[in-house]
Amino acid sequence: MFSLASDMPRVYKRKLGTCSNDMKWLVDNPGFEFLINDKRCDGADPVFLVVFVHSAPTNFHKRQVIRNTWGHEGNLAHDPMRIVFLLGTVNETRVQQQIDEENALYHDVVQGNFVDSYRNLTYKHVMGLKWVTYYCRQARFVFKTDDDIFVDIFQLTTFLKDTFGQTGGVSNLMMCYLLRSSQVNRSYRSKWRVSFKEYPARKYPTYCAGWGVLMSPDVVFKLYLLSSKIPYFWVDDVHVTGTLASHVGISHADFEEKLSPTAIDVDKWLNGQNVTKPYLFGNSDSETILALWNRTMQYYHRPLLLSR
């Protein structure tokens, strides 16, 4: 049997305690382990927001851009934030050495012992849920995102406080950009093709676009607890925020109006004569994220990022 930290809430201990050797399980994999884990939330109590970012092993520059911009933990001096980047394994020794060196410098990589691939994205997503459950359960809010996303972290913090109050617990929260009645992709030309054997239904349940999912810790725990009881499906957004969420009775809240909908809108905002309120989110390449961040800093009258 596994052991948990003494400060884990009793309900977590009791429910996880029914699963033999839970630390070594990930969905249907009985041999899981964290290869890299610096436990970023240790010694941080409270944590206002913990962010786990899906990243590919070779996306060093993308991770650095996030560290230098919206993901810098010093941005929220009075509302502690922790950020980790989730990776699987890579079969190139030099790349792994670079990842080890990166983590030795920043201590924010969480790596699991599954191969990093599209077909393993659900393992990565559930690893994030597992990591929060075991190592950052004191967080008030949990945010899952990808490494090509811009976030106005100041506006997000204000939105959370205005919506849910300055202090106190939040429960049963899953807020995201919702996708409804999406057709299952059957095209043989698509890397996202799903066979009838993998998913026999014609449409997916309502689920979240993976670029940004805001959750309360109890939802993270419920999803994680159920993840080893429902058959694996590799499209992680559908599986975690759709299928698992529906089984635990989560009612989604739609973030649609908070999203920058097009690249044209972003370009107009970046090049507008007046610095107006930033978009809360944006899907962009790294150079655009840098530009978005500097423009955002102008809006908030903060120092620009000079080093790129």
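As the structure is a prediction and not an experimental result, all values here were calculated from the model.

Reading the values: rules and limits
Residues numbered from 1 in each chain as written. Predicted model: local features only at pLDDT ≥ 70, side-chain atom pairs only at ≥ 80, totals over all residues. Heavy atoms only, no water. Helix = DSSP H or I, 4+ residues; strand = E, 2+ residues; numbered from the N terminus. Rg over C-alpha atoms; globule rule 2.2 N^0.38 Å. Contact = heavy atoms within 4.5 Å. Areas by Shrake-Rupley, 256 points an atom, 1.4 Å probe, with all protein chains shown as cover. Axes fitted to C-alpha atoms, helices over the stretch in contact; angles between N-to-C directions. Parallel < 35°, antiparallel > 145°, perpendicular 65-115°, else oblique. Nonpolar A, V, L, I, M, F, W, Y, C, P; charged D, E, K, R; others polar. Pairing = 2+ DSSP bridges. Salt bridge = Lys/Arg side-chain N within 4 Å of Asp/Glu carboxyl O. Buried < 20%, exposed > 50% of the residue type's maximum accessible area, 1.4 Å probe, protein only. Phe/Tyr/Trp six-rings, centres within 6.5 Å; stacked < 30°, edge-to-face > 60°. Left-handed = near helix turned anticlockwise from the far one by under 90°. Disulfide = S-S within 2.5 Å.

Draft legend 1. The overall build of the protein, seen in detail. Tallying secondary structure elements over the protein gives nine helices and ten strands in all. Over its C-alpha atoms the protein spans a radius of gyration of 19 Å, differing by no more than 12% from the 19 Å that the globule rule assigns to 308 residues. For the protein, the C-alpha atoms occupy an extent of roughly 60 × 50 × 45 Å along the three principal directions. In the protein, 74% of the contacts between residues at least 6 apart in sequence involve partners at least 24 apart. When the accessible area of the protein is evaluated, it comes to approximately 14500 Å², of which 51% is carbon and sulfur surface.

Draft legend 2. Structural context of the packing of helix α4 (residues 121-135) against helix α7 (residues 236-247). One way to put it is that α4 packs onto α7 with a least axis distance of 8 Å and a crossing angle of 45°. Taken together, the axes of α4 and α7 lie oblique to each other. Facing α4, whose interface residues are Leu121, Thr122, His125, Val126 and Leu129, α7 presents Asp236, Asp237, His239, Val240 and Thr241. Grouping the constituent residues of the contact of α4 with α7 by class yields four nonpolar, four polar and two charged.

Draft legend 3. The sheet that holds strand β5 (residues 139-146), seen in detail. Read from one edge to the other, the open sheet built from eight strands follows the order β1-β4-β3-β2-β5-β8-β7-β9, with strand pairing classed as mixed. The open sheet is flanked by β1 (34-36) and β9 (253-254), the only strands paired with a single partner. Inspection of the sheet shows β5 paired to strand β8 (residues 207-215) by four bridges, in the antiparallel sense. Considered in β8, the bridge of Val142 is made with Met215. Strand contacts of helix α2 (residues 60-68): β2 (47-54), β3 (81-89), β4 (109-115) and β5, with the helix running at about 175° to β3, the strand carrying the most contacts.

Draft legend 4. Local environment of the pattern of salt bridges. Per the counting criterion, the structure on display carries 13 salt bridges. The shortest N-O distance in the salt bridge between Asp116 and Lys124 comes to 2.8 Å. Owing to a relative accessible area of 3%, Lys124 belongs among the buried residues under this scheme. Put simply, Arg63, Arg67, Glu102 and Asp108 are held in one network by salt bridges that share partners.

Draft legend 5. Seen up close, the packing of aromatic side chains. If you walk through the whole model with that rule in mind, you get 23 aromatic pairs. With a centroid separation of 5.4 Å and 65° between ring planes, the pair formed by Phe48 and Phe141 is classed as edge-to-face. Of this pair, Phe48 sits in strand β2 while Phe141 sits in strand β5; the two residues are 93 residues apart in sequence, bridging distant segments of the chain. In this structure, Phe48 and Phe141 share a single accessibility class: buried.

Draft legend 6. Highlighting the environment of Leu121. Inspection of the secondary structure assignment puts Leu121 in helix α4. Owing to a relative accessible area of 16%, Leu121 belongs among the buried residues under this scheme. Sequence-wise, Leu121 and Ile250 are 129 residues apart; in three dimensions their C-alpha atoms are separated by 22 Å.

Draft legend 7. Up close: the packing of α4 against helix α6 (residues 217-227). Look at α4 against α6: their axes get within 9 Å of each other, and the N-to-C directions meet at 120°. The orientation of α4 with respect to α6, classified from their angle, is oblique. Crossing of α4 against α6: the hand is left-handed. Note on element contacts: α6 touches α4 through Val220, Phe221, Leu223, Tyr224 and Ser227, opposite Val126, Leu129, Lys130, Val132, Thr133 and Tyr134. Broken down by class, the residue content of the contact of α4 with α6 amounts to eight nonpolar, two polar and one charged.

Draft legend 8. Region of interest: the state of the cysteines. Applying the stated criterion across every chain, the model contains two disulfides. Cysteine pairing for the protein, with bonded cysteines counted in sequence order: 1-2, 3-4.

Draft legend 9. The pairing of strand β7 (residues 174-179), seen in detail. Here β7 runs beside β8; their pairing, made up of five bridges, is antiparallel. Bridge pairing in β8 places Met175 opposite Leu214.

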